[in-house]
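Examination of the molecular architecture
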Amino acid sequence: MADYKTLIEQQIKSKPLFIYMKGTPSMPMCGFSARAAEVLARTGAEFGSFNILDDMNLFEELKRMNQWPTSPQIYVKGEFVGGCDIICELAESGELAKMLKN
């Protein structure tokens, strides 16, 4: 069995922004994932992604770690910030840009 916690920690530290989503940024598989990936792309920051449909066991570990039952799940500088609505609010208010600068 894979050590999902270690894998997740490596993934979220690999880029300033990281999104666990259904599908990929170029081919999202749900509206929330599409919207969140679009918001991340608009920041201009490099971001990584993982298609949770490729490994549901990893997604189960992610849900346990964050106490967050849905996707997408978004990290900024290795810290979990939330899902689609939260990242959209942070981007709209300018907070996401500030988080990425600091």
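Small disclaimer: the values here were computed from a predicted structure and weren't measured.

1. Description of the side chain of glutamate 61
- For glutamate 61, the position within the fold is in helix α3 (residues 56-66).
- Accessibility expressed as a relative area gives 18% for glutamate 61, which makes it buried.

2. A short note on the pattern of salt bridges
- Taken as a whole, this structure holds six salt bridges when the rule is applied.
- The salt bridge partner of lysine 15 is glutamate 46, with a shortest N-O separation of 2.9 Å. With lysine 15 in the loop between α1 (4-13) and β1 (17-21) and glutamate 46 in the loop between α2 (31-43) and β4 (47-51), this residue pair connects regions lying 31 residues apart in the sequence.
- Residue lysine 15 is classed as partly exposed on the basis of its relative accessible area, which comes to 28%.
- Between arginine 42 and glutamate 38 there is a salt bridge, with the nearest N and O atoms lying 3.5 Å from each other. Within this pair, arginine 42 and its partner glutamate 38 are both found in helix α2, separated by four residues, close to a single helical turn.
- Residue glutamate 38 is classed as partly exposed on the basis of its relative accessible area of 48%.

Thresholds applied
- Throughout, a residue's number is its position along its own chain's written sequence, starting from 1.
- This being a predicted model, a pLDDT of at least 70 is required before a residue's local features are given, and a value of 80 or more before pairs of side-chain atoms are given or counted; all residues contribute to the totals for chains, interfaces and linings.
- The side-chain figures draw on all heavy atoms in the structure; neither hydrogens nor water molecules are used.
- Strands here are runs of E lasting at least two residues and helices are runs of H or I lasting at least four, both read from the DSSP assignment and numbered beginning at the N terminus.
- Only protein chains enter the accessibility calculation, which uses a 1.4 Å probe; a residue whose area is less than 20% of its type maximum is buried, one above 50% is exposed, and one in between is partly exposed.
- Salt-bridge detection follows one rule: a side-chain nitrogen of Lys or Arg within 4 Å of a carboxyl oxygen of Asp or Glu.

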